[in-house]
Amino acid sequence: MAPPRGWHGPGGGQVANLDPPTMWRATTVQACGLWPFAAGSGAPMTGVPLGQHLYTGATVCGDPFSWFTRAHYISNPSLFMLGMPGLGKSTLVNRMLIGLSAIGVVPLVLGDLKPDYADTVRALGGQVVSIGRGVGGINVLDPGAMGTAARRIGGEAGRVLVSETHGRVLNMVAALITIVRDNPMDDHEQSVLSAALHHLRERTPPDRAPLLPDLVQVLTEGPDRVRAVTLDRGSDTRYRDAVDPLHRSLLGILDGPLGDTFASETSTRINLDSPAVCVDISRIGEADTQLTAAAMLAAWSDGLGTVAASHALADAGLAPRRWFFTVLDELWRPLRAASGIVDRIDALTRLNRTLGLGDAKITHTLKDAEALGTDADRVKARGFVERAGMVVCAGLPRQEMEELGHIVGLSRREIELVSSWSSPPGWAAHGDREEPPGRGRFLIKVGGRPGIPIQVAITDTERHLHDTNKRWAGAGQVVEQAPAPSLSKQPTENGGWPR
């Protein structure tokens, strides 16, 4: 093993620096022929290569999709990741996207906020859909891929898919109203909304998707089907009293901050045949919490509807079977947008196992859940962690790790290890930039099993595709133009993490 820099030999003379030895990998049969003292490390080898075990140096592989379908390590194909900013959470998930796409899984990033994943999806030959004011919009009443699939399938299976489409549209409109009001809808309002959507679908030609202004017009007209659920008993006054709050909320969507994005036709539909999809909402301002939450939920609704359509077509023998991996980064932003959003995210994502998709949710700390308005919302948000098949921790403060330990069962040593990764870098000499001690380090927890600590070193390609510090380039130094990404590049010096 090479001595460290500055090491002195027994006689006091300084020993020259040596390159680290080359590492080789072999099966136990081959290795025993060369070196009889080989021993297995016990690190999982199924899935995307993530990094090296922090203690043994063994390669650790894994992702929620592979650990559910092939290794059967977890009962739910989901991942929940927590960690302080700047330690590489999104970079690790980017690696999972690249690895899973290589085995035919379709990555879906349904609401890229920074963007962290758009360049990766483009490099994979996928589709990037931009959402924001003046950039692109989503018609939440558009049945999208599910409507197209229902028409192709026809018969009873097609009618079932139409019913599922209705429920998805109803949930999405209710989510927009919840965001505008900052309160969830009443049950009778949801009945009125459902009846209005049924009426609107029946009177709209198959080749045209209804719009939110059309829904407002239905409430204004008051057809018999809608009046029946309001119990108006022939009284216009009773009908208006029942529908006016809902009517006002829909007008608030159209005339408020959400109208430009959700009042017109969908600018770009998700392509069912794309090898990867990213819905880029990075053009929406940081302070625009309502539009951010609405765009993320609309992207999730549209994306998961596309997944359901793909499986329905495959069940009918009209398309090949495909599997999907979804990413919801910066989870705290939609959670804080309005009361009741937790229910909508829960409703959109709870059935991932039956939908044939794995998912990754990423946030900073458990305190993101504590900031929610009601006890019920906080409990449901914590449930995202409890139900996750894999929990991955980057650097977190000790108090945060103590709280997380009550949910996922962390040992004292694991708490101390991850807490040490949240420390800031040391005072570097000569103006050199020193990496934070926790950058690229993660602890993977599955059930009650001991955690797996890993160190991730990224390649030049990954560094160029996913550099979250791009806007700091040139601050205090001259930066040369980066070469175009190449899939053959090796990990760079210091692990290749973005500086």
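1. Observations concerning the sheet that holds strand S4 (residues 106-112)
1) Next: Across the sheet, eleven strands lie side by side as S2-S1-S11-S10-S9-S3-S8-S7-S4-S6-S5; this open sheet has mixed pairing. The sheet is open, and its two edges are formed by strand S2 (59-61) and strand S5 (127-130), each paired on a single side. Taken pair by pair, the neighbouring strands of this sheet meet at an average axis angle of 25°, ignoring direction.
2) Next: Of the pairings in the sheet, the one linking S4 to strand S6 (residues 277-280) comprises four bridges and is parallel in character. The residue bridging Asp112 from the neighbouring strand is Asp280, located in S6.

2. A closer look at the packing of aromatic side chains
1) Next: Taken as a whole and assessed by the stated rule, the structure comprises one aromatic pair.
2) Next: Cation over ring: Arg227 sits above Tyr239, and NZ or CZ is 4.4 Å from the ring centre.

3. As for helix H6 (residues 155-181)
1) Next: Taking 1.5 Å per residue as the helical rise, H6 with its 27 residues ought to reach 39 Å, and the 39 Å between its terminal C-alpha atoms agrees with that figure.
2) Next: Following H6 by one or two positions, Asp182 has its phi on the positive side, about 65°.

4. Topic: the environment of Lys114
1) Next: Mapping Lys114 onto the fold places it in the loop between S4 and helix H4 (118-123).
2) Next: In this structure Lys114 comes out as partly exposed when scored by relative accessible area, which is 48%.
3) Next: Sequence-distant contacts of Lys114, that is, excluding residues within four places in its chain, are made with Ser282 and Glu330.

5. Quick look at the pairing of S5
1) Next: Judged by which residues are buried, S5 turns out to be one-sided: Gln127 and Val129 face inward and are buried, whereas Val128 and Ser130, on the alternate face, are not.
2) Next: Where S5 and S6 come together, four bridges link them in parallel fashion. Bridge pairing in S6 links Val129 to Val279.

6. Quick look at the confidence of the model for the protein chain
1) Next: Overall, the predicted model of the protein chain reaches an average pLDDT of 81, with 79% of residues at or above 70.
2) Next: Ranking the elements of the protein chain by mean pLDDT puts helix H14 (residues 341-349) last with 63 and strand S10 (residues 441-445) first with 95.
3) Next: Across residues 1-10, confidence stays below pLDDT 50; counting only partners more than four residues off in sequence or on other chains, it has 16 contacts.
4) Next: The model gives residues 478-484 a pLDDT under 50, and that stretch makes five contacts with residues more than four places away or in other chains.

7. Some words on unusual backbone geometry
1) Next: Put simply, Lys114 and Pro115 share a cis peptide bond, and its omega is 0°.
2) Next: Inspection of the secondary structure assignment puts Pro115 in the loop between S4 and H4.
3) Next: For His72, which is not glycine, the phi dihedral falls at a positive 60°.
4) Next: One non-glycine residue, Leu231, lies in the positive phi region at around 55°.
5) Next: Looking at the element boundaries, Leu231 is found in the loop between helix H9 (224-230) and helix H10 (236-255).

8. Quick look at the pairing of S4
1) Next: Here S4 lies mainly inside the structure; seven of its seven residues are buried.
2) Next: When S4 meets strand S7 (residues 324-328), the two strands line up parallel, connected through four bridges. Within S7, the residue paired with Val106 across the bridge is Phe324.

Rules of the game
Residues numbered from 1 in each chain as written. Predicted model: local features only at pLDDT ≥ 70, side-chain atom pairs only at ≥ 80, totals over all residues. Heavy atoms only, no water. Pairing = 2+ DSSP bridges. Helix = DSSP H or I, 4+ residues; strand = E, 2+ residues; numbered from the N terminus. Axes fitted to C-alpha atoms, helices over the stretch in contact; angles between N-to-C directions. Phe/Tyr/Trp six-rings, centres within 6.5 Å; stacked < 30°, edge-to-face > 60°. Lys NZ or Arg CZ within 6 Å of the ring centre and 35° of its normal. Expected span 1.5 Å × (residues − 1). Buried < 20%, exposed > 50% of the residue type's maximum accessible area, 1.4 Å probe, protein only. Contact = heavy atoms within 4.5 Å. pLDDT = per-residue confidence, 0-100.

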